[in-house]
Amino acid sequence: MKAVRIYGKEDIRVEDVPISDPKPDQIQIKVKYCGICGSDLHAYTDGFGLPMYKHPITGREVPITLGHEFSDEVVKLGSEITDFQIGDAVAIEPLIACGHCANCRAGNYNLCLNMHAEDGGNFLGYSDDGGMAEYVNAQASFAYKLPKGMNYELGALTEPTAVAYEAIKKSGLIAGQTVAVMGAGPIGLLTALLAKTMNASQVYISDLSEERLAKAQELGLTTLNPSQVDVNDEIRKDLPNGVDITFECAGAQPTLNTALQITRRGGIVQIVAIFGKPVTIDLSAATMQGYNINTVLAYNNSFPLVMGMINNHQDLFKKLITNKLGFDQAIEGIKSLATDKSQVKIMISPEL
(Lines give C-alpha, C1' and ligand atoms only; values in the text may rest on other atoms or scores of the structure.)
Protein backbone atom coordinates (compact mmCIF):
# COMPACT_ATOMS: atom_id res chain seq x y z
CA MET A 1 0.00 0.00 0.00
CA LYS A 2 1.03 3.64 -0.37
CA ALA A 3 1.98 5.60 2.74
CA VAL A 4 3.38 9.06 3.49
CA ARG A 5 6.43 8.34 5.66
CA ILE A 6 8.71 10.68 7.56
CA TYR A 7 12.34 9.81 8.23
CA GLY A 8 13.37 13.02 9.97
CA LYS A 9 13.66 16.74 9.45
CA GLU A 10 12.77 17.72 5.84
CA ASP A 11 12.62 14.07 4.79
CA ILE A 12 9.14 12.86 3.81
CA ARG A 13 8.64 10.12 1.22
CA VAL A 14 5.60 8.52 -0.40
CA GLU A 15 6.44 4.82 -0.38
CA ASP A 16 4.99 1.36 -0.92
CA VAL A 17 4.90 -0.50 2.41
CA PRO A 18 3.32 -3.80 3.55
CA ILE A 19 0.26 -4.05 5.77
CA SER A 20 -0.22 -7.04 8.10
CA ASP A 21 -3.50 -8.51 9.27
CA PRO A 22 -4.99 -6.83 12.36
CA LYS A 23 -4.15 -8.20 15.81
CA PRO A 24 -7.00 -9.80 17.81
CA ASP A 25 -7.94 -6.46 19.46
CA GLN A 26 -7.52 -4.36 16.32
CA ILE A 27 -9.57 -3.41 13.28
CA GLN A 28 -8.12 -2.79 9.85
CA ILE A 29 -9.41 0.37 8.26
CA LYS A 30 -9.31 1.80 4.77
CA VAL A 31 -8.44 5.48 5.11
CA LYS A 32 -10.84 7.88 3.42
CA TYR A 33 -9.47 11.26 4.57
CA CYS A 34 -6.60 12.39 6.77
CA GLY A 35 -6.23 16.03 7.78
CA ILE A 36 -2.90 17.84 7.79
CA CYS A 37 -2.10 19.40 11.16
CA GLY A 38 0.28 22.24 11.95
CA SER A 39 2.29 19.74 13.98
CA ASP A 40 2.83 17.74 10.77
CA LEU A 41 4.44 20.87 9.35
CA HIS A 42 6.67 21.18 12.44
CA ALA A 43 7.59 17.50 12.16
CA TYR A 44 8.77 18.22 8.60
CA THR A 45 10.53 21.54 9.21
CA ASP A 46 12.02 20.83 12.66
CA GLY A 47 11.73 17.09 13.30
CA PHE A 48 9.22 17.94 16.06
CA GLY A 49 7.74 14.98 17.94
CA LEU A 50 9.54 12.26 15.98
CA PRO A 51 10.99 9.18 17.71
CA MET A 52 14.66 9.07 16.77
CA TYR A 53 15.04 6.38 19.46
CA LYS A 54 12.67 3.52 20.29
CA HIS A 55 9.46 4.75 21.90
CA PRO A 56 8.87 3.19 25.37
CA ILE A 57 5.34 1.98 24.57
CA THR A 58 5.31 1.28 20.83
CA GLY A 59 8.97 0.35 20.38
CA ARG A 60 8.92 2.34 17.14
CA GLU A 61 11.39 4.82 15.73
CA VAL A 62 11.53 6.65 12.40
CA PRO A 63 10.46 6.10 9.70
CA ILE A 64 6.84 6.59 10.76
CA THR A 65 3.70 7.02 8.68
CA LEU A 66 2.35 10.53 9.31
CA GLY A 67 -1.23 11.54 10.07
CA HIS A 68 -3.39 11.65 13.20
CA GLU A 69 -6.67 13.19 11.94
CA PHE A 70 -8.30 10.41 9.99
CA SER A 71 -11.63 8.80 9.16
CA ASP A 72 -11.99 5.37 7.68
CA GLU A 73 -14.02 2.36 6.58
CA VAL A 74 -13.62 -0.90 8.51
CA VAL A 75 -12.38 -3.65 6.15
CA LYS A 76 -11.06 -6.38 8.50
CA LEU A 77 -11.74 -7.41 12.09
CA GLY A 78 -9.38 -8.89 14.68
CA SER A 79 -10.50 -12.19 16.18
CA GLU A 80 -11.71 -10.55 19.43
CA ILE A 81 -13.75 -7.75 17.83
CA THR A 82 -17.53 -7.83 18.31
CA ASP A 83 -18.46 -4.13 18.36
CA PHE A 84 -17.72 -3.38 14.69
CA GLN A 85 -18.73 -4.77 11.33
CA ILE A 86 -17.13 -4.66 7.91
CA GLY A 87 -18.20 -1.42 6.24
CA ASP A 88 -18.60 0.65 9.41
CA ALA A 89 -17.53 4.30 9.05
CA VAL A 90 -15.24 5.30 11.91
CA ALA A 91 -12.85 7.96 13.16
CA ILE A 92 -9.75 6.96 15.11
CA GLU A 93 -8.68 8.61 18.35
CA PRO A 94 -4.91 8.62 17.74
CA LEU A 95 -3.63 8.65 21.33
CA ILE A 96 -1.09 6.11 22.57
CA ALA A 97 -1.40 5.08 26.21
CA CYS A 98 -0.36 2.16 28.39
CA GLY A 99 -3.88 1.62 29.78
CA HIS A 100 -2.76 0.55 33.26
CA CYS A 101 -1.07 3.51 35.00
CA ALA A 102 -2.93 5.62 37.57
CA ASN A 103 -3.85 8.32 35.04
CA CYS A 104 -5.06 5.84 32.44
CA ARG A 105 -7.19 4.02 35.00
CA ALA A 106 -8.70 7.37 36.05
CA GLY A 107 -9.68 8.09 32.43
CA ASN A 108 -6.92 10.65 31.89
CA TYR A 109 -5.13 8.55 29.30
CA ASN A 110 -4.00 11.68 27.47
CA LEU A 111 -1.68 12.14 30.46
CA CYS A 112 -0.45 8.53 30.53
CA LEU A 113 2.40 8.30 33.02
CA ASN A 114 4.32 5.84 30.85
CA MET A 115 4.19 7.70 27.56
CA HIS A 116 7.18 9.92 28.31
CA ALA A 117 10.08 9.39 25.92
CA GLU A 118 13.46 10.88 25.14
CA ASP A 119 11.74 12.02 21.96
CA GLY A 120 8.52 11.21 20.15
CA GLY A 121 5.07 11.65 21.65
CA ASN A 122 1.85 9.85 22.47
CA PHE A 123 0.15 10.03 19.07
CA LEU A 124 -0.25 7.83 16.04
CA GLY A 125 1.55 9.59 13.22
CA TYR A 126 4.50 10.35 15.50
CA SER A 127 5.34 7.31 17.63
CA ASP A 128 3.44 4.70 15.63
CA ASP A 129 2.06 4.58 12.10
CA GLY A 130 -0.76 7.03 11.44
CA GLY A 131 -3.42 7.75 8.87
CA MET A 132 -1.59 8.99 5.78
CA ALA A 133 -1.75 5.48 4.34
CA GLU A 134 -4.20 3.44 2.34
CA TYR A 135 -4.80 1.11 5.30
CA VAL A 136 -4.15 1.22 9.06
CA ASN A 137 -4.44 -1.35 11.83
CA ALA A 138 -5.85 0.45 14.88
CA GLN A 139 -6.93 -0.47 18.40
CA ALA A 140 -10.69 -1.03 18.31
CA SER A 141 -10.99 0.67 21.70
CA PHE A 142 -9.87 3.93 20.06
CA ALA A 143 -12.30 3.69 17.13
CA TYR A 144 -15.67 5.49 17.09
CA LYS A 145 -18.51 5.03 14.63
CA LEU A 146 -19.52 8.14 12.74
CA PRO A 147 -23.08 9.34 13.40
CA LYS A 148 -25.65 8.59 10.73
CA GLY A 149 -25.51 11.25 8.03
CA MET A 150 -21.94 12.37 8.79
CA ASN A 151 -19.52 11.98 5.90
CA TYR A 152 -15.85 10.95 6.02
CA GLU A 153 -14.56 14.49 5.47
CA LEU A 154 -16.33 15.73 8.58
CA GLY A 155 -15.23 12.57 10.39
CA ALA A 156 -11.62 13.60 9.83
CA LEU A 157 -12.38 16.90 11.60
CA THR A 158 -13.17 15.03 14.82
CA GLU A 159 -9.59 14.96 16.11
CA PRO A 160 -8.73 18.68 15.79
CA THR A 161 -12.20 19.60 17.04
CA ALA A 162 -11.58 17.39 20.07
CA VAL A 163 -8.49 19.49 20.85
CA ALA A 164 -10.67 22.61 20.91
CA TYR A 165 -13.41 20.85 22.87
CA GLU A 166 -10.98 19.71 25.57
CA ALA A 167 -9.81 23.31 26.03
CA ILE A 168 -13.41 24.50 26.35
CA LYS A 169 -14.16 21.66 28.79
CA LYS A 170 -11.11 22.57 30.88
CA SER A 171 -12.12 26.25 30.92
CA GLY A 172 -15.57 25.45 32.27
CA LEU A 173 -17.31 27.62 29.65
CA ILE A 174 -21.05 27.92 30.18
CA ALA A 175 -23.73 29.47 27.98
CA GLY A 176 -23.89 33.24 28.18
CA GLN A 177 -20.23 33.85 29.00
CA THR A 178 -17.99 36.03 26.83
CA VAL A 179 -14.96 34.65 25.03
CA ALA A 180 -11.88 35.86 23.19
CA VAL A 181 -9.60 33.65 21.12
CA MET A 182 -6.01 34.60 20.35
CA GLY A 183 -5.07 33.18 16.95
CA ALA A 184 -7.30 32.25 14.01
CA GLY A 185 -5.43 29.20 12.82
CA PRO A 186 -7.29 25.87 12.62
CA ILE A 187 -7.42 25.28 16.39
CA GLY A 188 -8.30 28.90 17.13
CA LEU A 189 -11.12 28.84 14.59
CA LEU A 190 -12.42 25.54 15.94
CA THR A 191 -12.27 26.83 19.52
CA ALA A 192 -14.17 29.98 18.59
CA LEU A 193 -16.69 28.01 16.54
CA LEU A 194 -17.36 25.61 19.40
CA ALA A 195 -17.74 28.49 21.85
CA LYS A 196 -20.27 30.05 19.48
CA THR A 197 -22.23 26.81 19.05
CA MET A 198 -22.20 26.35 22.85
CA ASN A 199 -23.97 29.72 23.19
CA ALA A 200 -21.21 32.00 24.40
CA SER A 201 -22.87 35.42 24.24
CA GLN A 202 -19.93 37.07 22.45
CA VAL A 203 -16.93 35.52 20.71
CA TYR A 204 -13.99 37.66 19.57
CA ILE A 205 -11.07 36.28 17.58
CA SER A 206 -7.76 38.06 16.95
CA ASP A 207 -5.13 37.43 14.29
CA LEU A 208 -2.69 39.34 12.09
CA SER A 209 -3.75 37.47 8.94
CA GLU A 210 -6.60 39.03 6.99
CA GLU A 211 -7.11 35.71 5.17
CA ARG A 212 -7.70 33.92 8.46
CA LEU A 213 -9.93 36.70 9.75
CA ALA A 214 -11.98 36.50 6.56
CA LYS A 215 -12.67 32.83 7.32
CA ALA A 216 -13.59 33.78 10.90
CA GLN A 217 -16.07 36.35 9.58
CA GLU A 218 -17.55 33.67 7.33
CA LEU A 219 -18.18 31.66 10.50
CA GLY A 220 -20.00 34.59 12.10
CA LEU A 221 -17.25 35.61 14.55
CA THR A 222 -16.23 39.13 15.64
CA THR A 223 -12.72 39.70 14.31
CA LEU A 224 -9.88 41.93 15.49
CA ASN A 225 -6.54 42.58 13.79
CA PRO A 226 -3.92 43.79 16.32
CA SER A 227 -1.97 45.51 13.54
CA GLN A 228 -4.96 47.78 12.96
CA VAL A 229 -6.63 48.19 16.37
CA ASP A 230 -5.78 47.89 20.04
CA VAL A 231 -7.48 44.59 20.89
CA ASN A 232 -7.85 45.45 24.57
CA ASP A 233 -9.43 48.83 23.83
CA GLU A 234 -11.82 47.38 21.26
CA ILE A 235 -13.06 44.60 23.54
CA ARG A 236 -13.48 46.91 26.52
CA LYS A 237 -15.67 49.25 24.48
CA ASP A 238 -18.23 46.43 24.58
CA LEU A 239 -17.15 44.76 27.82
CA PRO A 240 -15.58 47.26 30.24
CA ASN A 241 -14.58 44.49 32.65
CA GLY A 242 -13.08 42.25 29.94
CA VAL A 243 -14.07 38.80 28.71
CA ASP A 244 -14.83 35.86 30.98
CA ILE A 245 -12.49 33.44 29.22
CA THR A 246 -9.58 33.94 26.82
CA PHE A 247 -8.24 31.01 24.81
CA GLU A 248 -4.57 31.40 23.83
CA CYS A 249 -4.29 29.50 20.54
CA ALA A 250 -1.36 31.33 18.92
CA GLY A 251 1.53 30.33 21.17
CA ALA A 252 3.44 33.62 21.22
CA GLN A 253 4.47 36.13 23.87
CA PRO A 254 2.50 39.06 22.37
CA THR A 255 -0.77 37.10 22.23
CA LEU A 256 -0.25 35.78 25.75
CA ASN A 257 0.26 39.37 26.92
CA THR A 258 -2.97 40.39 25.23
CA ALA A 259 -4.82 37.43 26.74
CA LEU A 260 -3.85 38.63 30.21
CA GLN A 261 -4.94 42.19 29.37
CA ILE A 262 -8.39 41.42 28.04
CA THR A 263 -9.54 38.87 30.61
CA ARG A 264 -11.72 40.19 33.41
CA ARG A 265 -10.52 40.08 36.98
CA GLY A 266 -11.14 36.56 38.29
CA GLY A 267 -11.51 35.25 34.74
CA ILE A 268 -9.83 32.33 33.00
CA VAL A 269 -6.86 32.32 30.64
CA GLN A 270 -6.95 28.94 28.92
CA ILE A 271 -3.69 27.97 27.22
CA VAL A 272 -4.37 25.81 24.16
CA ALA A 273 -1.29 26.32 21.97
CA ILE A 274 2.07 24.60 22.37
CA PHE A 275 4.60 27.42 22.68
CA GLY A 276 7.71 27.07 20.53
CA LYS A 277 9.91 28.84 23.07
CA PRO A 278 9.72 29.97 26.71
CA VAL A 279 7.48 32.91 27.61
CA THR A 280 7.23 35.09 30.70
CA ILE A 281 4.26 35.86 32.95
CA ASP A 282 4.22 38.37 35.78
CA LEU A 283 2.69 35.99 38.30
CA SER A 284 2.39 38.67 40.97
CA ALA A 285 0.24 40.77 38.65
CA ALA A 286 -1.74 37.70 37.54
CA THR A 287 -2.34 36.77 41.19
CA MET A 288 -3.59 40.26 42.01
CA GLN A 289 -6.06 39.95 39.14
CA GLY A 290 -7.19 36.53 40.37
CA TYR A 291 -6.68 34.87 36.99
CA ASN A 292 -7.03 31.13 36.63
CA ILE A 293 -4.39 30.10 34.09
CA ASN A 294 -5.05 26.59 32.76
CA THR A 295 -3.17 24.34 30.39
CA VAL A 296 -4.50 21.39 28.43
CA LEU A 297 -2.97 18.48 26.53
CA ALA A 298 -4.88 16.68 23.78
CA TYR A 299 -8.25 15.23 24.95
CA ASN A 300 -9.93 12.27 26.58
CA ASN A 301 -13.37 10.65 26.45
CA SER A 302 -14.73 13.26 24.05
CA PHE A 303 -14.89 11.83 20.51
CA PRO A 304 -18.60 10.82 20.59
CA LEU A 305 -19.59 14.23 22.01
CA VAL A 306 -17.52 16.07 19.42
CA MET A 307 -18.92 14.00 16.58
CA GLY A 308 -22.42 14.89 17.69
CA MET A 309 -21.60 18.60 17.71
CA ILE A 310 -20.06 18.46 14.24
CA ASN A 311 -23.01 16.47 12.94
CA ASN A 312 -25.48 19.01 14.31
CA HIS A 313 -23.65 21.92 12.63
CA GLN A 314 -22.41 20.35 9.41
CA ASP A 315 -22.71 23.47 7.26
CA LEU A 316 -20.49 25.47 9.62
CA PHE A 317 -17.80 22.81 9.95
CA LYS A 318 -17.68 22.16 6.20
CA LYS A 319 -16.42 25.72 5.77
CA LEU A 320 -13.19 24.74 7.53
CA ILE A 321 -12.24 22.20 4.86
CA THR A 322 -10.34 24.32 2.35
CA ASN A 323 -8.53 21.81 0.13
CA LYS A 324 -8.39 18.10 -0.71
CA LEU A 325 -5.27 16.46 -2.14
CA GLY A 326 -4.02 13.03 -3.16
CA PHE A 327 -1.05 11.29 -1.55
CA ASP A 328 1.30 12.44 -4.28
CA GLN A 329 0.55 16.04 -3.27
CA ALA A 330 0.89 15.44 0.47
CA ILE A 331 4.36 16.96 0.82
CA GLU A 332 3.29 20.12 -1.03
CA GLY A 333 0.17 20.27 1.13
CA ILE A 334 2.21 20.09 4.33
CA LYS A 335 4.60 22.79 3.13
CA SER A 336 1.74 25.07 2.09
CA LEU A 337 0.60 25.46 5.70
CA ALA A 338 3.68 27.62 6.30
CA THR A 339 2.84 30.13 3.58
CA ASP A 340 -0.82 29.96 2.56
CA LYS A 341 -2.84 31.55 5.38
CA SER A 342 -6.09 30.97 3.48
CA GLN A 343 -5.85 27.25 4.22
CA VAL A 344 -7.58 25.99 7.34
CA LYS A 345 -7.88 22.23 6.99
CA ILE A 346 -6.29 20.41 4.08
CA MET A 347 -7.45 16.83 3.66
CA ILE A 348 -5.30 14.07 2.15
CA SER A 349 -7.06 11.10 0.57
CA PRO A 350 -5.59 7.96 -1.01
CA GLU A 351 -8.62 7.91 -3.30
CA LEU A 352 -7.79 11.24 -5.00
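Residues numbered from 1 in each chain as written. Predicted model: local features only at pLDDT ≥ 70, side-chain atom pairs only at ≥ 80, totals over all residues. Heavy atoms only, no water.

As annotated in an unreviewed UniProt entry, the protein chain carries the name Butanediol dehydrogenase and is attributed to Bombilactobacillus bombi. Quoted verbatim from the Cofactor (unreviewed entry) field of the UniProt record, the comment on the protein chain reads "Zn(2+)". (UniProt positions renumbered as here; feature names shortened; annotations may be inferred.)

(A) Structural detail: the state of the cysteines. Inspection of every chain in the model, using the stated rule, returns 0 disulfides. Of all cysteine sulfurs, the one in Cys34 lies closest to Cys37, which takes part in no disulfide; the gap is 9.9 Å. Residue class for Cys37 comes out buried when judged on its relative accessible area of 17%. Here Cys101 stays unpaired: no disulfide links it, and the sulfur of Cys104, its closest cysteine neighbor, is 3.6 Å away. The exposure class of Cys101 is buried, given its relative accessible area of 7%. (Disulfide = S-S within 2.5 Å. Buried < 20%, exposed > 50% of the residue type's maximum accessible area, 1.4 Å probe, protein only.)

(B) Expanded view of the UniProt feature "domain: Alcohol dehydrogenase-like C-terminal" (unreviewed entry) in the protein chain. The positions that UniProt labels "domain: Alcohol dehydrogenase-like C-terminal" (unreviewed entry) are, in the present scheme, residues 186-310. In the segment residues 186-310, helix accounts for 43% and strand for 21%; the C-alpha atoms at its two ends are 15 Å apart. (Helix = DSSP H or I, 4+ residues; strand = E, 2+ residues; numbered from the N terminus.)

(C) The arrangement of the nonpolar core in detail. Counting residues in each nonpolar core, the largest one holds 95 residues, and the members touching the most others are Ile29, Phe247 and Phe317. Mapping this core onto the domain boundaries places at least three of its residues in each of domain 1 (2-145 + 320-348) and domain 2 (163-295). With residues up to four places along the chain from it excluded, the contact list for Phe247 reads Ala167, Ile168, Ser171, Val179, Ala180, Val181, Met182, Thr191, Gln270 and Val272. Counting residues in hydrophobic clusters, the runner-up holds 16 residues, among them Met182, Leu256, Ala286 and Tyr291. (Core = buried A, V, L, I, M, F, W, Y, C linked by side-chain atoms within 4.5 Å. Domains from an automatic or database assignment. Contact = heavy atoms within 4.5 Å.)

(D) Broad picture of unusual backbone geometry. In this structure, the amide linkage connecting Val62 to the following residue, Pro63, adopts the cis form with an omega of 5 degrees. Take Pro63: it is sitting in the loop between helix H1 (38-46) and strand S4 (64-65). You will see that Asn199, though not glycine, has its phi angle at about 70 degrees, which is positive.

(E) Local environment of helix H7 (residues 231-238). Of all the positions in H7, only Val231, Asn232 and Ile235 are classed as buried. Buried residues of H7, seen end-on, are gathered within an arc of 95 degrees and therefore sit on one face of the element. Buried residues along H7 sit in contact with strand S9 (178-182), strand S10 (202-206), strand S11 (222-224), strand S12 (243-248) and helix H8 (253-262). For H7, the side-chain oxygen to backbone nitrogen distance between the N-cap and Asn232 is 3.0 Å, and the N-cap itself is Asp230. (Arc of directions from axis to C-beta. Polar contact = N/O pair within 3.5 Å; in protein donor to acceptor, adjacent residues only side chain to side chain.)

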